[in-house]
Amino acid sequence: MDATTTKTQRRGRGGRERILGAAALLFANQGINATGMEQVAEAAPVSKRTLYAHFPAKSDLVMAYLRELTTSGQTLESVLTREDLDPRERILRLFDLPAPHTSPVRGCPFIDAAVEFPDPRSAVHAYAREQKTLMAQLVTELATELGATEPAALAEQLVTLADGAASRAMVLDQPDYGRHARAAAEILLCRALAPAN
């Protein structure tokens, strides 16, 4: 094998991972719809042919990006399955927004994706909805474990607070904005878990 062949093979390795990494940064910095496929290819760096071989359409890339986020453990929802925290602390950690890797602060990537793909029947919007539904289910399970009498209703209130805090943190560019929602969540939990008189 000559040096030219080795160089070509090295450049081609990890193309999919480089594409997803570049897309994640670009989507976070400038939004999904504002990011062109050519920008992703250039930032990866891969040829457009390689990009389209892995992701024939932009929606395929967006879906892969969202799935990668789900498994990365870097989303707000990932705290809900941490075994090292008790159920109450898992819920309250929803309001500790992850430290931003970029400036300005970005909100929830699933909400961002649903906004940029507004048709509820689109694959991207449907996947974002699944993740938000799963978030509510996980909080319901934790609220049940804590002994809440109406765990599903409490969960909906808590996830609404968490999503609202993430959105306001983005709009106001305040990464610590979740502290306001956390205070409200503590009140909700205290009332829901107080012994009946």
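These numbers come from a predicted model, not from an experiment. (Residues numbered from 1 in each chain as written. Predicted model: local features only at pLDDT ≥ 70, side-chain atom pairs only at ≥ 80, totals over all residues. Heavy atoms only, no water.)

**Considerations on helix H9 (residues 151-172)**
An α-helix turns once every 3.6 residues. As a result, residues three or four positions apart point the same way.
Here comes step 1: The end-to-end C-alpha separation of H9 is 31 Å, in line with the 32 Å expected for 22 residues at 1.5 Å each.
Here comes step 2: Taken together, the buried positions of H9 are occupied by Pro 151, Leu 154, Ala 155, Leu 158, Val 159, Ala 162, Asp 163, Ala 165, Ala 166 and Ala 169. Projected down its long axis, H9 shows its buried positions confined to an angular sector of 160 degrees, all on one face. Away from its buried face, by an angle of more than 90 degrees, H9 presents the exposed residues Thr 160 and Val 171.
Here comes step 3: For H9, the secondary structure elements touched by its buried residues are helix H6 (87-93), helix H7 (109-116), helix H8 (123-146) and helix H10 (178-193).
Here comes step 4: With its phi angle positive at about 55 degrees, Asp 173 sits one or two positions after the end of H9. (Helix = DSSP H or I, 4+ residues; strand = E, 2+ residues; numbered from the N terminus. Expected span 1.5 Å × (residues − 1). Buried < 20%, exposed > 50% of the residue type's maximum accessible area, 1.4 Å probe, protein only. Arc of directions from axis to C-beta. Contact = heavy atoms within 4.5 Å.)

**Let's talk about the environment of Ser 59**
Here comes step 1: Within the secondary structure, Ser 59 sits in helix H5 (residues 58-72).
Here comes step 2: With 58 residues separating them in the primary sequence, Ser 59 and Phe 117 have C-alpha atoms 9.3 Å apart.

**Considerations on the packing of helix H2 (residues 15-30) against H5**
Here comes step 1: Two elements in contact, H2 and H5, have axes whose closest approach is 10 Å; the angle formed by their N-to-C orientations is 85 degrees. Relative to H5, the element H2 lies roughly perpendicular. Contact residues: H2 offers Arg 16, Ile 19, Leu 20, Ala 23, Ala 24 and Phe 27, while H5 offers Lys 58, Leu 61, Val 62, Ala 64, Tyr 65 and Glu 68.
Here comes step 2: A per-class count over the contact of H2 with H5 returns 9 nonpolar, no polar and 3 charged. (Axes fitted to C-alpha atoms, helices over the stretch in contact; angles between N-to-C directions. Parallel < 35°, antiparallel > 145°, perpendicular 65-115°, else oblique. Nonpolar A, V, L, I, M, F, W, Y, C, P; charged D, E, K, R; others polar.)

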